[in-house]
Amino acid sequence: MPDSMLHPRLLLWTALVLCGSLSACSIGKRDLPLEPPPLADLEEPLELRDEPRDEPARLALASGSFTGLTLGTAGDSLDALSSEDGGLAVREVVLNSPADFAGVEVGDLVVEVRAGGATSTPRWPSEWRAIELAAPVGGTIALVLDRAGVERDAQLTTAARAHPADRAPVERFREEARVGVVLRTATEVEARAADLGPGGGAVVVGLSRASPWRAAGIRFGDLVRSVNGVPVAHPAAVVEAIRAVPEDGELTLEITREGARTTVLAGVSKRDSEVREIDIPLIFSYEFDRGRAETSMLFGLYLRESTPAAWRVRFLWFLEFAGGDADRLEEEPSTSHAPGEAR
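Residues numbered from 1 in each chain as written. Predicted model: local features only at pLDDT ≥ 70, side-chain atom pairs only at ≥ 80, totals over all residues. Heavy atoms only, no water.

## A closer look at the nonpolar core
Here comes step 1: Formed by 21 residues in total, the largest nonpolar core has its most connected members in Trp213, Val224, Val238 and Leu253.
Here comes step 2: Looking at this core, the elements with two or more residues in it are strand E11 (181-185), strand E12 (202-208), strand E13 (223-227), helix H8 (235-244), strand E15 (250-257) and strand E16 (260-267).
Here comes step 3: Sequence-distant contacts of Trp213, that is, excluding residues within four places in its chain, are made with Val179, Val181, Leu207, Ile218, Val238, Ile242, Leu251, Leu253, Ala266 and Gly267.
Here comes step 4: Within the second largest apolar cluster, 17 residues are counted, among which are Leu71, Val113, Ala135 and Leu145. (Core = buried A, V, L, I, M, F, W, Y, C linked by side-chain atoms within 4.5 Å. Buried < 20%, exposed > 50% of the residue type's maximum accessible area, 1.4 Å probe, protein only. Helix = DSSP H or I, 4+ residues; strand = E, 2+ residues; numbered from the N terminus. Contact = heavy atoms within 4.5 Å.)

## Some thoughts on unusual backbone geometry
Here comes step 1: At Asp195, a residue that is not glycine, the phi angle is positive and equals roughly 60°.
Here comes step 2: Position of Asp195 among the secondary structure elements: in the loop between helix H6 (188-193) and E12.
Here comes step 3: One non-glycine residue, Asp248, lies in positive phi territory at about 70°.
Here comes step 4: Checked against the element boundaries, Asp248 lands in the loop between H8 and E15.

## Some remarks on the confidence of the model for the protein chain
Here comes step 1: Looking at the protein chain as a whole, its pLDDT mean stands at 84, while 78% of the residues score no less than 70.
Here comes step 2: For the protein chain, the element scoring lowest by mean pLDDT is helix H3 (residues 78-81), at 43; E13 scores highest, at 98.
Here comes step 3: Low pLDDT, under 50, characterises residues 16-28; the stretch is placed with 16 contacts to residues that sit more than four places away or in other chains.
Here comes step 4: Per-residue pLDDT stays below 50 along residues 77-83; that stretch engages in 20 contacts with residues further than four places along the chain or on separate chains. (pLDDT = per-residue confidence, 0-100.)

## Some remarks on the environment of Val232
Here comes step 1: Tracing the backbone through its elements, the reader meets Val232 in the loop between strand E14 (230-231) and H8.
Here comes step 2: For Val232, a relative accessible area of 3% gives the class buried.
Here comes step 3: It is 9.6 Å that separates the C-alpha atoms of Val232 and Gly197, two residues lying 35 residues apart in sequence.

## Structural notes on the environment of Leu303
Here comes step 1: Summarising the element assignment, Leu303 is placed in strand E20 (residues 302-306).
Here comes step 2: For Leu303, a relative accessible area of 9% puts it in the buried group.
Here comes step 3: A sequence separation of 17 residues divides Leu303 from Glu320, and the C-alpha atoms of the two residues are 9.2 Å apart.
Here comes step 4: Every residue in contact with Leu303, bar those within four places of it in the chain, is listed here: Glu294, Thr295, Ser296, Arg312, Val313 and Arg314.

## Considering the side chain of Ser97
Here comes step 1: Counting through the fold element by element, Ser97 comes out in the loop between strand E4 (88-93) and helix H4 (98-101).
Here comes step 2: With sequence-adjacent residues up to four places away left out, Ser97 is seen in contact with Phe66, Thr67 and Gly68.

## Details of the pattern of salt bridges
Here comes step 1: Applying the stated criterion to the full structure yields 28 salt bridges.
Here comes step 2: Where Arg167 meets Asp54, a salt bridge forms, and the shortest distance between an N and an O atom there is 2.7 Å. A residue pair is termed long-range when its members are at least 10 positions apart, and Arg167 in the loop between strand E9 (159-160) and strand E10 (172-175) and Asp54 in the loop between strand E1 (42-43) and helix H2 (55-59) qualify at 113 residues.
Here comes step 3: Judged by relative accessible area, which is 11%, Asp54 ranks as buried. (Salt bridge = Lys/Arg side-chain N within 4 Å of Asp/Glu carboxyl O.)

## Brief notes about the pairing of strand E5 (residues 109-115)
Here comes step 1: With two bridges joining them, E4 and E5 adopt antiparallel strand pairing. Bridge pairing in E5 places Ala89 opposite Leu109.
Here comes step 2: In terms of strand pairing, E5 meets strand E7 (residues 140-147) through five bridges, oriented antiparallel. Within E7, the residue paired with Arg114 across the bridge is Ala142.
Here comes step 3: For E5 and strand E6 (residues 118-120), the ladder comprises three bridges, and the chain directions are antiparallel. Bridging from a neighbouring strand, Arg114 pairs with Thr119 of E6.
Here comes step 4: Between the antiparallel neighbours E5 and E6 lie two residues, among them Gly116 with a positive phi of about 60°. (Pairing = 2+ DSSP bridges.)

## Topic: H8
Because an α-helix packs 3.6 residues into every turn, residues spaced three or four apart end up facing the same way.
Here comes step 1: Most of H8 is tucked away, with seven of its ten residues classed as buried.
Here comes step 2: The set of residues buried in H8 consists of Pro235, Ala236, Ala237, Val238, Val239, Ala241 and Ile242.

## With respect to a nonpolar patch on the surface
Here comes step 1: Where nonpolar side chains cluster on the molecular surface, the patch consists of Ile283, Met297, Leu298, Phe299, Leu301, Trp311, Phe315, Leu316, Phe318, Leu319 and Phe321 and spans about 1,000 Å² of accessible area.
Here comes step 2: Secondary-structure elements contributing two or more residues to the nonpolar patch are strand E21 (310-315) and strand E22 (319-324).
Here comes step 3: Mapped onto the elements, Leu298 comes out in the loop between strand E19 (292-297) and E20. (Patch = residues over 30% accessible without salt bridge, like charges linked within 9 Å, V, L, I, M, F, W, Y side chains within 5 Å. Areas by Shrake-Rupley, 256 points an atom, 1.4 Å probe, with all protein chains shown as cover.)

Structure follows, in structure tokens:
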């Protein structure tokens, strides 16, 4: 083999072996993340992980009228839940119920409701449940239904309930782009105490330490009753409002806390940015990922790794030093002395 071909190939193989064995350099681009990382300072107290045990109190509430209708949002994703065109889809019609007699079918879309002299276009199941609770037994609820693109009318004559409605499952929603908050759906007891329909309201169960809501005075356990004067019919509506507020804007939040209501002006923020990687192949590389940092120079002749709890330094590929937190706290000098002990 000619010498002119030997040297470039030898250099290439040497570089590849060094990169593969030392993992200190990279060739080619790395895939960029598609989603931002979870907030490292998001606090979710353990005592708020479970929903309140208020079933006896829920069963003691007035049951309201019965229609035999179970309605849900038209979509399952957060974007679909927050869509203006989401509507309310008929998920279940109880046999021989007022809805069954009125000809309502599973799959129909409720586009308008007329009850108690008012006309509304509910977007959330809690709004429908509030209408059911407010309707007197024997009263009439008029519906405009969309069935396969064709509108039709239906009239329900409400009946008395023999049993309370089923308990709704609790959902959690995380907003980590502008506020850093975790919200859960309110229980029926919490929602109705705030004058909302079952399923309405949003309880704060997580907050970032840097959240602008925390700075505004929002606390764990607060129930967000309204945003900018609009009652919260679902936690997704709060996330929707957060997304819509302009930069440096504010939200007017009506909060229910321990039975009392207060209004708070709360701002929004945005994700911070940082340099996470510098790479000069074979010569210098730096990488930072959520507290873990790695620096390498000169084909790995020097390598330093560190985390909040430990560090490691390597020289010349075989000299290595490491250290970090011990399994005990530092002993503080004693400030108390026994009688007669020298000070």
